Amino acid sequence: TWLSGDAVNDLRAELADRLGDLFVHPLFVDYKHELRQNGVTDEDLSTSSTGHYTSFLSKLFADGCASFFSEYALLARLTVTISQQWISRCREFCRRFEADSDRLQSVFGGSFDLVSGIDVLGDEHARSRRVFGVETASGSRVAYKPRDVGPEKWFGRLLEDVDTATTTPSLVCPRVVQRDGYGWVEWIDPDNCRSRQEVERFYERLGVLTALLYGVD
């Protein structure tokens, strides 16, 4: 396997968070309805234990949530769709990591034999795909982007040309491994400026990048 137990748990947590956001409101509505039917007031809740909620959950799971999903049929469909998309993109990521591991090692260094952790980043797009911050067992880190990284590759070449042709402070461009419809980008952690000179160089680089982005817009 290419994923450690921690990496699998990271992906599972992302699915749980996604479904949790989906379920929280209808579950709250049903719970309040259950309380009203049983004559439970807000005052009763403030002085009681978790007994009412435990009873609600027992009733909910008694028929495997069939009654709940009968009431919220669209929610059932969304649950299946989101779960299937999650399975599909997890498998896709594993296939791509396995296929590209040698290339990633040659470009970024370190070892890409085992994923030790995954940070799920950014917004969903293209059937719920998202950017992953991938950390390997050797400590290497890379950003997996499930979309075309051609623009990053092109902008990197532009920065190299600017560095060659000007005397502005050097512009660091993340290394990129471009694949068909997706890619891997070098992970660069932010750092603080430690001197006045570093602050000045930061704003010089910011000015150059702003001008380049304005020029290619």
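Analysis parameters
Residues numbered from 1 in each chain as written. Predicted model: local features only at pLDDT ≥ 70, side-chain atom pairs only at ≥ 80, totals over all residues. Heavy atoms only, no water. Helix = DSSP H or I, 4+ residues; strand = E, 2+ residues; numbered from the N terminus. Buried < 20%, exposed > 50% of the residue type's maximum accessible area, 1.4 Å probe, protein only. Contact = heavy atoms within 4.5 Å. Lys, Arg positive; Asp, Glu negative; His and termini not counted. Charge placed at Lys NZ, Arg CZ, Asp CG, Glu CD. Bend = angle between axes of the 7 residues up to and from the residue. Pairing = 2+ DSSP bridges. Axes fitted to C-alpha atoms, helices over the stretch in contact; angles between N-to-C directions. Phe/Tyr/Trp six-rings, centres within 6.5 Å; stacked < 30°, edge-to-face > 60°. Lys NZ or Arg CZ within 6 Å of the ring centre and 35° of its normal. Disulfide = S-S within 2.5 Å. Parallel < 35°, antiparallel > 145°, perpendicular 65-115°, else oblique. Left-handed = near helix turned anticlockwise from the far one by under 90°. Nonpolar A, V, L, I, M, F, W, Y, C, P; charged D, E, K, R; others polar.

Undergrad: How should I be thinking about the overall build of the chain in this particular structure?
TA: On a plain count of helices and strands, the chain comes out with seven helices and five strands. The helix and strand sequence of the chain, counted from the amino end, reads α-α-α-α-α-β-β-β-α-β-β-α. Taking the principal axes of the C-alpha coordinates as reference, the chain spans close to 75 × 40 × 35 Å. Looking at the chain residue by residue over its 217 residues, the buried ones come to 33%. Sequence separation of 24 or more characterises 62% of the internal contacts of the chain that already satisfy a separation of 6 or more. Computed over 25 positive and 34 negative side-chain charges, the separation of the two mean positions in the chain equals 4 Å.

Undergrad: Explanation requested: helix H5 (residues 73-108) in the structure shown.
TA: For an α-helix, the turn length of 3.6 residues means that residues three or four places apart are oriented alike. Within H5, the axis deviates most sharply at aspartate 100, by approximately 55 degrees. Note on H5: the residue one or two positions beyond its end, glycine 109, has a positive phi of about 80 degrees.

Undergrad: I tried to follow the sheet that holds strand E3 (residues 141-145) on my own but got confused; where do I start?
TA: Backbone hydrogen bonds are what pair the strands of a sheet, in a parallel or an antiparallel way. Read across the open sheet, the five strands follow the order E1-E2-E3-E5-E4; overall the sheet is antiparallel. At either margin of the open sheet sits one strand with a lone partner, and together these are strand E1 (115-125) and strand E4 (176-179). Strand-to-strand twist across the sheet, computed as the mean angle between neighbouring axes with direction ignored, equals 15 degrees. With four bridges joining them, E4 and strand E5 (residues 182-186) adopt antiparallel strand pairing. Across the sheet, valine 176 pairs through a bridge with valine 185, a residue of E5.

Undergrad: Quick question: what am I supposed to make of the packing of aromatic side chains here?
TA: Aromatic ring pairs are defined here through the distance separating the ring centres and the angle between the ring planes. Throughout the structure, instances matching the rule amount to 20 aromatic pairs. Ring geometry for tyrosine 182 versus tryptophan 184: centroids 6.4 Å apart, planes at 80 degrees, classification edge-to-face. Neither tyrosine 182 nor tryptophan 184 differs from the other in exposure class; each is buried. Lying over the aromatic face of tyrosine 182, arginine 96 brings its terminal NZ or CZ to 4.0 Å of the ring centre. In this structure, arginine 141 is placed above the aromatic ring of tryptophan 187, and the distance from its NZ or CZ to the ring centre is 4.1 Å.

Undergrad: What is the right way to read the state of the cysteines from this model?
TA: Any covalent bond linking the sulfur atoms of two cysteines counts as a disulfide. All told, the structure shown has zero disulfides when counted by the stated rule. Free cysteine: cysteine 193, not disulfide-bonded; nearest cysteine sulfur from cysteine 173 at 19 Å.

Undergrad: Is there a simple way to explain unusual backbone geometry in this structure?
TA: Trans peptide bonds make up most of the peptide bonds, and negative phi angles are found at most residues other than glycine. The backbone of cysteine 65 sits at a positive phi, close to 70 degrees, despite the residue not being glycine. Among the structural elements, cysteine 65 can be located in the loop between helix H3 (51-62) and helix H4 (66-71). Residue class for cysteine 65 comes out buried when judged on its relative accessible area of 12%. In the Ramachandran plot, arginine 127 falls in the positive-phi region, its phi being about 60 degrees despite a non-glycine side chain. Secondary-structure assignment places arginine 127 in the loop between E1 and strand E2 (129-136). Looking at arginine 127, the relative accessible area reads 61%, which means it is exposed.

Undergrad: What should I look at first to understand the packing of helix H6 (residues 150-165) against helix H7 (residues 196-216) in this one?
TA: To characterise two packed helices, one gives the angle between the axes of the helices and the distance between these axes. Their axes nearest at 12 Å, the elements H6 and H7 cross at an angle of 125 degrees. The angle between H6 and H7 falls in the class oblique. As H6 runs across H7, the sense of the crossing is right-handed. On the side of H6, the interface is formed by Trp154, Phe155, Leu158, Leu159 and Val162, while H7 contributes Val208, Leu209, Leu212, Leu213 and Val216. In the contact of H6 with H7, the residues fall into 10 nonpolar, no polar and no charged.

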